[in-house]
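The lines below spell out each chain.
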Amino acid sequence: MVENSDFLNLIDELTEDERLIQQTLREFINEQYLPIIREYHARAEFPFEIVPKLAELGLFGITIPEEYGGAGLSYFIYGLAMQELERGDSGLRSMGSVQNSLVMFPIYKYGSEEQKKKWLPLLASGQKIGCFGLTEPDHGSDPGGMETRAHKTDGGWRLNGSKMWITNGSVADLAVVWAKTDEGIGGFLVEKGSKGFIQNKITGKFSLRASDTGELVFEDCEIPEENRLPLAKGLRAPLSCLNEARYGIAWGAIGAAMACYEEVRNYALTRKQFSKPIAGFQLVQEKLVEMISEITKGLLLNFRLGRMKDAGKAKHYHISMAKRNNVHQALQIARTARAILAANGIIDEYQTIRHMLNLESVYTYEGTHDIHTLIIGESITGIEAFR
Ligand code: TGC
Ligand code: FAD
């Protein structure tokens with residue numbers, strides 16, 4: 001009998017190091033995260049107490065070279081790590097995505113040597129938390145239409161505008177902010193407490209409750225020249241960061257799907273109706289089979305994409321396929337698991353409903369499902385259908 005969600009024994013494809021890291025993270029989530037997530041989810045807070053532990057495990061700056069405080073590991077390992085984090089909660093993986101792909105990556109790729117030396121070790125050690133401000137209240141799928149402006153001043157830049165739906169936004173020590181300049185879109189490092197920089201928490205969320213989501217407001221916010229990312233030129237720069245984060249989400253979503261599948265499989269084997277386990281009904285078995293089939297296909301997609309990414313061969317549309325497919329399937333799996341749990345599926349004693357609600361955000365952020373459809377559509381037809 002296949003009792004876990006690795007139906008094809010893909011674990012055999014992992015190197016010894018990859019297996020060890022996955023195992024370590026799985027135990028960490030089981031022992032230190034699952035016991036606390038229910039309470040934080042109910043309170044709608046991210047458990048920031050866990051940040052030093054995440055840093056100790058090397059989870060910030062996984063692919064960043066060790067000279068800057070990173071772990072200097074592969075993208076494949078980065079993917080595995082995101083999978084294990086999202087087995088815990090999408091909010092935990094969000095923290096991982098943002099710190100790694102949307103804050104440390106742009107500084108590493110587009111920053112000056114001074115910026116890298118100053119910020120990357122602080123971010124890797126978890127002493128500083130970052131956020132990434134691209135989306136605005138009126139510009140989500142079309143970030144190129146952004147209205148936030150950076151005007152050149154004598155010593156630097158003056159920022160005006162706002163960013164919306166920003167993970168870690170209300171708490172971040174450092175915001176990577178994208179704004180229009182006279183020479184096109186540029187990237188800026190905005191430090192907490194800067195004059196004219198306001199960070200507000202967004203409340204009332206039904207999804208990603210155990211994650212901080214905020215609004216960033218810039219009112220004549222003065223930024224010194226040394227806080228501009230010198231190599232970031234045009235929309236291409238923030239979009240390249242999204243490739244990194246979307247890659248991690250493709251892995252993470254399968255982690256959430258595994259958590260739901262394993263929970264509901266166990267439930268179906270023990271829950272009895274009409275004097276037998278509900279797993280013994282053909283209709284329930286069909287649902288479980290669909291789930292494990294889609295998890296297996298999603299894993300295969302991730303394994304191939306991970307090896308391509310490490311070989312420098314993953315294009316942005318390859319990543320879109322994995323993000324689009326895996327998040328869609330994970331959401332379907334979570335909804336089906338919720339249905340099998342029936343009444344028990346609507347309470348937080350079971351984790352499925354939390355994953356299901358989280359995945360609604362994951363479906364929308366980092367490019368909605370439909371935006372990824374159009375990215376893949378363009379890659380196979382050569383015709384752009386966004387406009
Ligand atoms: P377009 O004209 O196509 O492109 C502008 C320039 O960018 C280049 N490019 C890319 N470069 C790198 N990676 C990519 N994926 C790229 N896609 C395009 C392109 O070649 C061009 O370069 P150049 O040198 O010729 O200027 O741009 P567009 O305005 O038509 O928009 C295209 C579109 C719709 C695909 C893009 O804007 C898009 O991806 N929209 C979705 C926005 C999005 O995903 N936002 C995410 C915000 S961050 C977030 O959600 C974080 S959640 C974090 C968490 O909690 O986990
Ligand atoms: P819109 O762009 O207004 O889209 C509305 C609908 O129209 C969608 O269904 C969309 O698919 C569809 N649509 C739009 N354009 C087209 C088109 N051309 N063709 C067909 N359909 C189209 N952003 C950040 O910058 N940083 C963050 O850290 C961050 N974290 C987030 C955390 C959470 C919890 C959430 C929910 C969002 C976060 N976002 C973040 C924002 C996220 O990236 C955007 O919500 C997303 O890009 C979609 O933008 P929108 O919500 O404005 O929807």
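Because the structure is predicted, anything quoted here is derived from the model rather than measured.

The rules behind each value
- Residues numbered from 1 in each chain as written.
- Chains lettered and ligands numbered in written order.
- Predicted model: local features only at pLDDT ≥ 70, side-chain atom pairs only at ≥ 80, totals over all residues.
- Heavy atoms only, no water.
- Helix = DSSP H or I, 4+ residues; strand = E, 2+ residues; numbered from the N terminus.
- Rg over C-alpha atoms; globule rule 2.2 N^0.38 Å.
- Buried < 20%, exposed > 50% of the residue type's maximum accessible area, 1.4 Å probe, protein only.
- Contact = heavy atoms within 4.5 Å.
- Expected span 1.5 Å × (residues − 1).
- Patch = residues over 30% accessible without salt bridge, like charges linked within 9 Å, V, L, I, M, F, W, Y side chains within 5 Å.
- Areas by Shrake-Rupley, 256 points an atom, 1.4 Å probe, with all protein chains shown as cover.
- Salt bridge = Lys/Arg side-chain N within 4 Å of Asp/Glu carboxyl O.
- Core = buried A, V, L, I, M, F, W, Y, C linked by side-chain atoms within 4.5 Å.
- Near = heavy atom within 4 Å.
- Polar contact = N/O pair within 3.5 Å; in protein donor to acceptor, adjacent residues only side chain to side chain.
- Nonpolar A, V, L, I, M, F, W, Y, C, P; charged D, E, K, R; others polar.
- Pairing = 2+ DSSP bridges.

Student: Teacher, can you tell me more about the overall build of the chain here?
Tutor: Check the secondary structure of the chain and you find 10 helices and 9 strands. Computed over the C-alpha atoms, the radius of gyration of the chain is 21 Å, within 12% of the 21 Å expected from 2.2 N^0.38 for a compact globule of 387 residues. Principal-axis analysis of the C-alpha atoms gives the chain an extent of 80 × 45 × 45 Å. Taken across its 387 residues, the chain has 53% of its residues classed as buried. By sequence separation, contacts in the chain at least 24 residues apart represent 73% of the contacts at least 6 residues apart.

Student: What's the story with helix H5 (residues 113-124) in this structure? I'm lost.
Tutor: Because each turn of an α-helix spans 3.6 residues, side chains separated by three or four positions in sequence point in the same direction. Given a rise of 1.5 Å per residue, 12 residues ought to cover 16 Å, and the 16 Å separating the end C-alpha atoms of H5 matches this to within 8%. Once H5 finishes, Gly 126 follows within two positions and takes phi at roughly 75°, a positive value.

Student: How do you make sense of a nonpolar patch on the surface when you look at a structure like this?
Tutor: A contiguous nonpolar surface patch, about 350 Å² in accessible area, is contributed by Val 2, Phe 7, Leu 8 and Leu 300. In this structure, Leu 300 sits in helix H7 (residues 282-310). When its relative accessible area of 39% is taken as the criterion, Leu 300 is described as partly exposed.

Student: Hey, could you run me through unusual backbone geometry in this one?
Tutor: Backbone geometry follows two general trends: most residues other than glycine have a negative phi, and most peptide bonds adopt the trans configuration. Here the phi dihedral of Asp 220 falls at roughly 50°; this positive angle occurs in a residue that is not glycine. Relative to the helices and strands, Asp 220 resides in strand S7 (residues 213-224). In this structure, Ala 342 takes a positive phi of about 55° despite not being glycine. Its place among the elements puts Ala 342 in the loop between helix H8 (316-341) and helix H9 (352-364).

Student: Is there a simple way to think about the side chain of His 372 in this case?
Tutor: Note on placement: His 372 falls in helix H10 (residues 369-381). The contacts of His 372, once residues within four sequence positions are left out, are Arg 246, Ser 320, Lys 323, Arg 324, Glu 366 and Gly 367.

Student: It is not clear to me how the nonpolar core should be interpreted in this structure. Could you clarify?
Tutor: Across soluble globular proteins, nonpolar side chains have a tendency to be buried as a group. Leu 54, Ile 107 and Trp 178 are the most contacted members of the largest nonpolar core, which has 97 residues in total. In terms of residue count, the dominant contributor to this core is helix H6 (residues 236-270) (18 residues). Setting aside chain neighbours within four positions, we find Leu 54 in contact with Phe 28, Leu 59, Phe 60, Leu 85, Leu 92 and Met 95.

Student: Explain the pattern of salt bridges to me, please; I cannot follow it from the model alone.
Tutor: Side-chain pairs of opposite charge can arise whenever the charged atoms involved come near each other. As enumerated under the stated definition, the model contains 21 salt bridges in all. Note that Glu 45 and Arg 43 form a salt bridge whose closest N and O atoms lie 3.1 Å from each other. It is possible to trace a salt-bridge network through shared partners that takes in Glu 39, Arg 43 and Glu 45.

Student: Mind showing me how you'd approach the site of ligand 1 here?
Tutor: Around ligand 1 there are 25 residues in total, and Thr 167, Asn 243, Arg 246, Glu 366 and Gly 367 lie nearest to it. In the environment of ligand 1, an oxygen atom lies 2.9 Å from a nitrogen or oxygen atom belonging to the backbone of Glu 366. In terms of residue class, the shell around ligand 1 is built from 10 nonpolar, 10 polar and 5 charged.

Student: How should I be thinking about the pairing of strand S2 (residues 149-152) in this particular structure?
Tutor: Every regular strand shows the same layout, with side chains that alternate between the two sheet faces. Inspection of the sheet shows S2 paired to strand S3 (residues 156-167) by 4 bridges, in the antiparallel sense. In the sheet register, His 151 faces S3, and the bridge partner there is Arg 158. Between the end of S2 and the start of S3, which pair antiparallel, lie 3 residues.

Student: Would you explain the site of ligand 2 in this entry?
Tutor: As a structural note, the neighbourhood of ligand 2 is formed by 17 residues, with Phe 132, Thr 135, Ser 141, Trp 165 and Thr 368 the closest of them. One of the side-chain N or O atoms of Thr 135 is found 2.7 Å from a nitrogen atom in ligand 2. Within the backbone of Thr 167, one N or O atom sits 2.9 Å away from an oxygen atom of ligand 2. When ligand 2 is considered free in solution it has 990 Å² of accessible area, and contact with the protein chains removes 67% of it. Of all the secondary structure elements, the ones that give two or more residues to the shell around ligand 2 are S3, H9 and H10. A class-by-class count of the residues in the shell around ligand 2 yields 8 nonpolar, 7 polar and 2 charged.

What is shown is where atoms sit, not what they do.
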